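Survey of secondary and tertiary structure
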There are 2 protein chains.
Amino acid sequence: MIKKMIKIAKGDEKAQLVFKNANIINVFTNEIIAGDVAVYNGRIVGIGQYKGEKEIDLKGKFLSPAFIDGHVHIESSMVTPSQFAKAIVPSGVTTIIADPHEIANVKGLDGIRYILEESDDLPLDIYVMLPSCVPATPFENSGAVLKAEDLEKLIGEKRVLGLGEMMNYPGVVNGDEDVLEKLTLFKDHIIDGHGPIIKDKELNAYVVGGIDTEHECSTVEEMVDRLRLGMYIHIREGSAARNLTELIKAVNKDNLRRCIFCTDDKHPSDLLKNGSIDHNIRLAIKSGVDPIDCIKMASLNAAECYGLKGKGAIAPGYLADMVVIDNLEDFNILEVYKAGELKGKDKEALFNLENRDNSRMKNTVNIKKVQEEDLQIYLKGDKANVIKLLPHNLVTEKVERKVMVKDGKFIPSKDIMKVAVVERHNKTGNIGLALVEGFGLKNGSIASTIAHDSHNIIVIGDNDRDMLLAIEELQRVGGGITLVSKGEIIDTLPLTIAGLMSEEPLHKVNDKLNNMLNKAYDVLGVNEYIEPFMTLSFIALPVIPNIKVTDMGLFDVKEFKFIDLSL
Amino acid sequence: MIKKMIKIAKGDEKAQLVFKNANIINVFTNEIIAGDVAVYNGRIVGIGQYKGEKEIDLKGKFLSPAFIDGHVHIESSMVTPSQFAKAIVPSGVTTIIADPHEIANVKGLDGIRYILEESDDLPLDIYVMLPSCVPATPFENSGAVLKAEDLEKLIGEKRVLGLGEMMNYPGVVNGDEDVLEKLTLFKDHIIDGHGPIIKDKELNAYVVGGIDTEHECSTVEEMVDRLRLGMYIHIREGSAARNLTELIKAVNKDNLRRCIFCTDDKHPSDLLKNGSIDHNIRLAIKSGVDPIDCIKMASLNAAECYGLKGKGAIAPGYLADMVVIDNLEDFNILEVYKAGELKGKDKEALFNLENRDNSRMKNTVNIKKVQEEDLQIYLKGDKANVIKLLPHNLVTEKVERKVMVKDGKFIPSKDIMKVAVVERHNKTGNIGLALVEGFGLKNGSIASTIAHDSHNIIVIGDNDRDMLLAIEELQRVGGGITLVSKGEIIDTLPLTIAGLMSEEPLHKVNDKLNNMLNKAYDVLGVNEYIEPFMTLSFIALPVIPNIKVTDMGLFDVKEFKFIDLSL
């Protein structure tokens with residue numbers, strides 16, 4: 001293999017493939033160099049003037065190393081890894097660092113293995129950081145508990161790089177034993193961080209714990225503080241969190257090498273609208289950053305951060321993962337080559353997905369039969385703690401409200417309705433109940449198996465019958481999102497893979513979602529300032545302020561404890 | 001361990017040691033940040049405001065990460081690794097990437113193991129690149145032959161990083177099997193290069209072979225060509241090769257990250273005169289490069305190149321290898337801390353060397369008894385091929401000369417004398433003989449066991465008796481350098497360790513050498529434009545143009561073959 005590559009590089013033999021007349025983007029020297037790129041067996045063997053059995057004349061177009069998404073949860077796309085590949089490879093992304101945190105909360109190690117196996121034959125190299133926080137908190141029941149000894153089983157697996165985002169930053173800073181056990185286990189691997197806000201001595205403590213990266217920065221100050229301590233910073237542009245325009249201000253030639261790009265969470269509509277890491281690059285170029293530096297953050301820097309030798313540049317010995325671009329201002333992705341093969345062109349994927357067997361990730365809705373009685377909320381008086389939703393915000397407000405009560409039972413009104421979190425992994429029968437204000441729904445119910453981070457069934461409604469029906473529908477389809485009104489299923493998006501992902505292509509999932517979103521507003525009357533599916537998916541996450549509900553009950557995030565519904 | 005570090009970082013417990021009021025050089029952001037550095041168990045745990053059981057007030061002095069020599073042959077210092085540490089730690093160097101090529105040519109794997117073992121307890125971290133070319137050429141007999149299968153035995157050893165400088169670049173480019181075997185074996189490790197001059201397609205071939213670094217660049221063009229292909233470039237400032245002033249012109253903010261510093265070969269006098277990597281830094285600063293970028297090349301960049309996690313910066317979790325500097329113009333090294341302990345101050349080493357057992361590297365002069373007859377050169381006529389030495393140059397000229405002959409035997413004259421290379425490892429009795437012009441020596445002889453790269457005995461003289469005496473003296477002391485005149489030993493520097501290194505401190509070796517150098521000029525009458533010891537040590541190296549002699553005979557480097565002495 002090396003022998004053949006040397007012969008071709010030397011010009012003694014023709015290359016299999018030569019990209020002729022390219023303007024090659026050199027991320028080592030920030031130059032654009034006119035020349036040919038010779039490829040053999042998926043790798044670049046020479047740059048200069050070469051002849052090939054096959055030749056592709058680029059006629060002066062730009063040839064860039066393909067892009068790396070430094071931190072992404074595939075599950076947020078609501079499609080499988082292979083469908084995700086079809087969606088993002090045409091954007092020029094041929095490598096991602098995935099944190100399968102969501103599927104691990106449902107299926108544990110098997111979920112992580114599924115991500116690895118399902119991506120084994122894709123033109124997208126999926127590396128995995130092992131989820132560090134499953135469950136995310138002790139205040140909920142997830143489908144799995146991953147201790148250090150469990151994660152250890154996957155160390156050494158191909159494409160497993162290290163420990164995923166350590167969101168339990170209080171656990172690090174306070175030196176919790178189970179957290180330290182994980183940090184110690186991965187001390188010679190890369191460990192991703194998730195420790196926003198903390199600073200000064202606590203930040204030193206977090207870094208000395210072994211945390212290498214951070215993708216949660218939202219201000220220049222946070223970013224610079226972390227760069228100074230040697231962290232790699234993921235500049236994130238996702239769906240919910242969009243930090244690039246702010247953070248890019250902190251980037252300069254001196255600190256650039258430790259800046260990389262990521263999407264973290266990107267929903268179907270945004271992926272379809274503006275792509276993946278190519279969007280980060282375009283935004284950064286618009287912000288005035290040297291385009292080659294932007295490409296560098298999207299390629300070489302991420303490869304160095306995660307120790308991916310032979311990735312992130314166009315140079316001899318490197319993988320021929322390359323992107324053809326029209327110009328460095330608009331930065332339109334014309335063609336995408338993975339290991340020298342054309343896999344994306346004009347925003348379309350050029351590969352097929354066959355032989356996918358996803359059966360082991362199906363049938364993950366495992367609940368005890370729920371009765372109407374199980375959804376009853378009994379109050380001591382007529383005053384209750386209520387979760388108030390705020391417009392366009394995942395943060396909730398804790399409010400006290402006088403509510404309608406009959407025979408001690410809460411009666412939903414136009415403003416205040418019920419939400420239930422039904423444990424769906426281990427048939428415990430656990431149901432957490434709460435009252436919600438500001439959702440705005442009439443004669444119906446919405447339910448979903450996407451409910452961060454444990455992904456139990458979350459259901460909201462103004463009547464028990466429709467709520468029950470929604471739960472039963474999700475049980476029937478094996479997870480997903482459903483809309484119910486007046487005793488009838490209006491529409492359902494099945495998410496058969498762990499209740500999180502569809503096997504359908506991204507655009508189909510997106511069409512369905514948009515359709516259902518319209519029905520949620522038009523038929524069910526959800527408030528226009530509420531995105532019902534995303535809002536629902538975060539009501540059960542007890543780390544976002546100020547009041548949430550899990551399958552274990554109503555949780556006051558500020559006080560960090562469960563509280564009664566009754567006042 | 002992590003737990004304790006976190007507690008200290010957080011400020012819950014006092015640090016063992018705190019450097020107070022430092023101006024801390026931050027190589028991640030090119031900033032100088034005033035603050036304290038807290039240390040526990042040899043590692044940095046926090047930067048900011050800290051209290052320690054012990055506190056050292058730096059009163060605003062600069063605190064820099066300690067330096068890394070990216071490529072060095074310890075043997076060129078003519079002292080043992082431990083004595084070398086005493087010599088360079090006060091210069092701020094606490095890590096070196098050593099290529100024990102010389103000792104490996106004498107003692108093979110045992111020589112490499114000796115370097116590792118002898119440096120196990122030093123305040124200098126010695127990493128080893130395994131010598132790739134032992135012997136350096138097939139045209140000489142060395143003390144060992146290291147094939148891929150031999151090198152394989154040391155992969156995985158602590159502090160062994162990869163494959164040392166691949167000076168057989170024709171072998172790479174031509175795809176020689178034994179070279180490819182080594183390249184394949186080390187393909188997932190770092191491989192150092194040594195491929196000057198080659199360019200274009202041959203350079204591509206060299207790089208695709210897996211070569212990661214180059215320290216032999218002497219022009220900006222060579223350097224930029226290699227940076228473009230993704231190589232790391234060692235900017236060298238040694239004794240014989242001094243490339244920094246030229247190469248530093250190629251360094252800019254875009255390519256800086258792949259530039260590192262090295263000394264390669266530095267002789268005792270230069271080490272004593274201007275130090276080690278600190279000299280590279282000073283020269284680079286004088287050339288107008290941002291001082292923090294200079295420090296970065298000497299620290300973080302080298303650490304990244306060789307994958308030395310936790311080295312090369314002042315940040316939480318990093319080793320407390322730090323240097324106190326007075327200012328960034330003169331760049332005087334005031335104090336050197338290794339893992340938080342003061343090991344160098346005012347150019348003096350502050351540690352002792354005890355329990356060194358070097359016996360296994362002694363008695364390496366293993367020769368058959370040499371007779372006067374063995375040194376006779378029989379010529380067909382009175383014309384001979386002669387090695388002409390050039391002033392201040394390791395390159396020789398091939399000349400034809402009419403010489404004195406009696407009974408077919410060459411008779412030395414004032415201008416043309418004899419040189420012999422006596423195989424000294426395996427008692428083969430091999431002796432290579434040649435004629436040398438331009439050395440200038442009368443009534444005497446000089447001999448040395450430093451004779452690149454096989455390190456046989458090389459002896460020059462104008463009479464056989466003194467030449468024999470010199471050979472016998474080196475046999476007696478177990479290797480070294482000796483001066484003989486008129487049947488008497490004038491002086492000898494014993495190099496008892498493999499015939500290459502002394503166990504004495506560097507300054508003693510240097511004093512002795514200077515003394516002997518003076519005697520070589522004054523007593524023996526060596527030409528003033530010839531450095532006799534260095535010149536001798538390169539006469540047997542058949543890769544430097546144009547004519548050399550090994551234990552196997554006279555070698556025409558241009559024709560790349562052995563030739564007759566007679567014309």
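Shown above is the structure to which this text applies.
Predicted model, so just to flag it, every value in this text is computed and none were measured. (Residues numbered from 1 in each chain as written. Chains lettered and ligands numbered in written order. Predicted model: local features only at pLDDT ≥ 70, side-chain atom pairs only at ≥ 80, totals over all residues. Heavy atoms only, no water.)

Turning our attention to the overall build of chain A. A tally of helices and strands in chain A yields 16 helices and 30 strands. Scaling as 2.2 N^0.38, a compact globule of 567 residues should have a C-alpha radius of gyration of about 24 Å, and chain A matches this with 25 Å. In terms of its C-alpha atoms, chain A occupies a principal-axis envelope of roughly 90 × 50 × 45 Å. Sequence-distant contacts, at least 24 apart, represent 67% of the contacts inside chain A between residues at least 6 apart. Summing over all exposed atoms, chain A offers an accessible surface of approximately 20,200 Å²; the carbon and sulfur share of this is 46%. Positive and negative charge centroids in chain A, built from 68 and 85 side chains respectively, lie 2 Å apart. (Helix = DSSP H or I, 4+ residues; strand = E, 2+ residues; numbered from the N terminus. Rg over C-alpha atoms; globule rule 2.2 N^0.38 Å. Contact = heavy atoms within 4.5 Å. Areas by Shrake-Rupley, 256 points an atom, 1.4 Å probe, with all protein chains shown as cover. Lys, Arg positive; Asp, Glu negative; His and termini not counted. Charge placed at Lys NZ, Arg CZ, Asp CG, Glu CD.)

Turning our eyes to something else, we now look at the pattern of salt bridges. Scanning all chains against the criterion turns up 88 salt bridges over all chains. For A:Arg360, the salt bridge is made with A:Glu117, and the minimal N-O distance between the two is 2.8 Å. Separated by 243 residues along the polypeptide, A:Arg360 in the loop between strand E17 (348-349) and strand E18 (383-389) and A:Glu117 in helix H3 (residues 101-118) bring together distant segments of the chain. Judged by its relative accessible area of 35%, A:Arg360 is partly exposed. For A:Glu117, a relative accessible area of 44% corresponds to the partly exposed category. The partner of B:Asp270 in a salt bridge is B:Lys273, with the nearest N and O atoms 3.6 Å apart. Residue B:Asp270 and its partner B:Lys273 are located together in helix H10 (residues 268-274), separated by three residues, close to a single helical turn. (Salt bridge = Lys/Arg side-chain N within 4 Å of Asp/Glu carboxyl O. Buried < 20%, exposed > 50% of the residue type's maximum accessible area, 1.4 Å probe, protein only.)

Now for unusual backbone geometry. With an omega of 0°, the peptide bond between A:Val134 and A:Pro135 qualifies as cis. For A:Pro135, the location among the structural elements is in the loop between strand E8 (125-130) and helix H4 (148-152). Positive phi is not limited to glycine here, since A:Ala339 has a value of about 50°. Of note, A:Ala339 is situated in the loop between strand E15 (333-338) and strand E16 (341-345). The phi dihedral of B:Asp200 falls on the positive side, at around 50°, and the residue is not glycine. For B:Asp200, the location among the structural elements is in helix H7 (residues 200-208). A relative accessible area of 56% places B:Asp200 in the exposed class.

Our next topic: the side chain of A:Asp293. Mapped onto the elements of the fold, A:Asp293 is located in helix H12 (residues 291-297). For A:Asp293, the side chain forms a polar contact with the side chain of A:Asn30, separated by 3.0 Å. Separated by 2.8 Å, the side chains of A:Asp293 and A:Lys253 make a polar contact. Residue contacts for A:Asp293: discarding those within four places in its chain leaves A:Asn30, A:Lys253, A:Leu256 and B:Asp254. (Polar contact = N/O pair within 3.5 Å; in protein donor to acceptor, adjacent residues only side chain to side chain.)

A few words on the sheet that holds strand E25 (residues 457-461) of chain B. Residue and element names in this part refer to chain B. Spatial strand order, E19-E18-E23-E22-E25-E24-E26-E27: eight strands in an open sheet with mixed pairing. Here the strands that pair on one side only, and so sit at the sheet edges, are strand E19 (396-402) and strand E27 (488-494). Going from strand to strand, the sheet's axes swing by 25° on average, the running direction of each strand aside. Pairing between strand E22 (residues 416-422) and E25: five bridges, direction antiparallel. Looking at the pairing, Val421 lines up with Ile458 of E25. Across the sheet, helix H14 (residues 464-477) touches E22, strand E24 (444-448), E25, strand E26 (480-485) and E27, and the angle it forms with E26 is around 150°. Running over the sheet, helix H16 (residues 532-539) touches strand E18 (383-389), E24, E25 and E26 and is turned about 65° from E24. (Pairing = 2+ DSSP bridges. Axes fitted to C-alpha atoms, helices over the stretch in contact; angles between N-to-C directions.)

In many analyses, interface size is given as the accessible surface area lost on bringing the parts together. Listed by partner, the interface residues are 59 residues for chain B and 59 residues for chain A. Note on chain B versus chain A: buried area summed over both sides is about 4,700 Å², and carbon and sulfur give 54% of it. In this assembly, chain B and chain A are joined by 12 salt bridges. Here B:Lys3 makes a salt bridge to A:Glu177, at a shortest N to O gap of 2.4 Å. Of the residues belonging to the side of chain B that touches chain A, the class tally is 25 nonpolar, 16 polar and 18 charged. (Buried area = accessible area lost by both parts, 1.4 Å probe. Nonpolar A, V, L, I, M, F, W, Y, C, P; charged D, E, K, R; others polar.)

In this section: the nonpolar core. If you look at soluble globular proteins, the nonpolar side chains tend to sit buried side by side. With 377 residues, the main nonpolar core has A:Ile235, A:Phe439, A:Ile446, B:Ile235, B:Phe439 and B:Ile446 as its most contacted residues. Excluding its chain neighbours within four sequence positions, the residues that come into contact with B:Phe439 are B:Leu389, B:Met417, B:Ile446, B:Ile460, B:Val526, B:Asn527, B:Ile530, B:Pro532, B:Thr535 and B:Leu536. (Core = buried A, V, L, I, M, F, W, Y, C linked by side-chain atoms within 4.5 Å.)

Here B:Phe562 shows up in strand E30 (residues 561-562). In sequence terms B:Phe562 and B:Pro542 are 20 residues apart; their C-alpha atoms lie 10.0 Å from each other.

Time to look at the packing of aromatic side chains. Within this structure, the stated rule accounts for 16 aromatic pairs over all chains. Where A:Phe555 meets A:Phe562, the ring centres are 5.1 Å apart and the plane angle is 75°; that geometry is what we call edge-to-face. Residue A:Phe562 is classed as partly exposed on the basis of its relative accessible area of 31%. Among the aromatic residues, those joined into a cluster by ring pairs are A:Phe139, A:Phe555, A:Phe560 and A:Phe562. Above the plane of the ring of B:Tyr50 lies A:Lys201, whose end atom (NZ or CZ) is 4.6 Å from the centre. Residue placement shows B:Lys86 over the ring face of B:Phe351; its charged tip is 6.0 Å from the ring centre. (Phe/Tyr/Trp six-rings, centres within 6.5 Å; stacked < 30°, edge-to-face > 60°. Lys NZ or Arg CZ within 6 Å of the ring centre and 35° of its normal.)

All names here are of chain A. Together, Glu149, Glu152, Asp176, Asp178 and Glu181 make up a negatively charged patch on the protein surface. Only H4 and helix H6 (177-185) provide two or more residues apiece to the negative patch. Along the polypeptide, Asp178 turns up in helix H6. Judged by its relative accessible area of 48%, Asp178 falls in the partly exposed class. (Patch = residues over 30% accessible without salt bridge, like charges linked within 9 Å, V, L, I, M, F, W, Y side chains within 5 Å.)

We now examine the packing of helix H1 (residues 2-10) of chain A against H7(B). Where H1(A) contacts H7(B), the axes come no closer than 7 Å and their chain directions differ by 160°. The angle between H1(A) and H7(B) places the two elements in the roughly antiparallel class. Two packed elements cross with a definite hand, and for H1(A) against H7(B) that hand is right-handed. Counting all contacts with H1(A), which are made through A:Met5, A:Ile6, A:Ala9 and A:Lys10, the residues of H7(B) involved are B:Lys201, B:Glu202, B:Asn204, B:Ala205 and B:Val208. (Parallel < 35°, antiparallel > 145°, perpendicular 65-115°, else oblique. Left-handed = near helix turned anticlockwise from the far one by under 90°.)

All names here are of chain B. Pairing within the open sheet is antiparallel, and its three strands lie in the order E28-E29-E30. Unpaired on one side and paired on the other, strand E28 (547-550) and E30 mark the two borders of the sheet. Sheet analysis places strand E29 (residues 553-556) next to E30, joined by two bridges and oriented antiparallel. Bridge pairing in E30 places Asp556 opposite Lys561.

All names here are of chain A. Of all five residues that make up strand E24 (residues 444-448), five are buried, and the element is covered over most of its length. Of the two faces of E24, both are covered, the one formed by Gly444, Ile446 and Ser448 as well as the one formed by Ser445 and Ala447. Here five bridges tie E24 to strand E26 (residues 480-485), and the two strands are oriented antiparallel to one another. Note on E26: the bridge partner recorded for Ile446 is Leu483. As judged from the four bridges shared by E24 and strand E25 (residues 457-461), these two strands associate in the antiparallel manner. Residue pairing across strands places Ile446 opposite Ile460, the latter belonging to E25.

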